[in-house]
Amino acid sequence: MQDIDFLSATFKHADCVYLMETIDTVVGDIHDDNIDLLEAIRDIGWNYKRAIENSGVKQVVHLSSICAHMSTGNGFLVFHHNVENILKQLPKDVSIKTVRPVGFYINMISLISTIKNEGHIISNYGGNEKELWVSPYDITDVVAEEIDMPFEGRTIRYIASDELSPNEIAITLGQAIGKRELQWKVITDEELLDIWVKKWDE
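Residues numbered from 1 in each chain as written. Predicted model: local features only at pLDDT ≥ 70, side-chain atom pairs only at ≥ 80, totals over all residues. Heavy atoms only, no water.

A. Seen up close, the packing of aromatic side chains. Under the defined criterion, the tally for this structure stands at two aromatic pairs. Considering the side-chain rings of F76 and F79, the 5.2 Å spacing of their centres and the 55° angle between planes classify their relative orientation as tilted. Here Y125 and W184 contribute two aromatic rings whose centre-to-centre distance is 5.5 Å and whose plane-to-plane angle is 55°, an arrangement assigned as tilted. Here Y125 is found in the loop between β5 (121-123) and β6 (131-134), whereas its partner W184 is found in strand β9 (residues 184-186), with 59 residues between them in sequence. The class of Y125 is partly exposed, set by a relative accessible area of 32%. Accessibility expressed as a relative area gives 8% for W184, which makes it buried. Just above the ring of F151 sits the side chain of K97; from NZ or CZ to the centre is 4.1 Å. (Phe/Tyr/Trp six-rings, centres within 6.5 Å; stacked < 30°, edge-to-face > 60°. Helix = DSSP H or I, 4+ residues; strand = E, 2+ residues; numbered from the N terminus. Buried < 20%, exposed > 50% of the residue type's maximum accessible area, 1.4 Å probe, protein only. Lys NZ or Arg CZ within 6 Å of the ring centre and 35° of its normal.)

Shown next as structure tokens:
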């Protein structure tokens, strides 16, 4: 992702390329204060753009995210917004299919520590309002489907697998792990930030 020459050679003669951005193994440790992750991922986006131009590939499928249409108010997900806007600068004869999955089921792994340590789920939202969730398997199916379908212009497709409220998630997880009393408790933004800061310092 950081080598334009490699990307250009890899993309050359391809009918279609599938793009996604990653951190950690490519960019570095997300806990390293010396790394500007947003800038590093922006660089990956520019590398993709230049490699597409160098190779002449005309069909692109790009994995983005829900909230990528927003330049503010979407936290770290703004990197998807940044890369989408970089790819929009490609020549008009390059067709781009942008896929935007919603919240991943696997993000629930982050709930494990509070379930173990506090006996319940803690977040700054909750209740009975439905939330959209997606399985990586469904993302794979949609990407494969889009690659097989005709390309024309620039399109956006959202991907979701299910709608579940936080309270329903707590019930489902509780039953699965033998903690039927498991609850999803809501705290303020400030309280959640304080928990994150303490964990970061540890």
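There is more to say after this.
B. Fine view of the pattern of salt bridges. Considering all chains together, one arrives at eight salt bridges under this definition. Here R42 ties to E39 by a salt bridge, and the two come within 2.8 Å at their closest N and O atoms. Placement of both R42 and E39 in helix α2 (residues 37-55) is noted, with a separation of three residues, approximately one turn of the helix. Taking relative accessible area as the criterion, E39 reaches 35% and is therefore assigned partly exposed. Salt bridges linked by common partners bring K97, E145, E146 and R157 together as one network. (Salt bridge = Lys/Arg side-chain N within 4 Å of Asp/Glu carboxyl O.)

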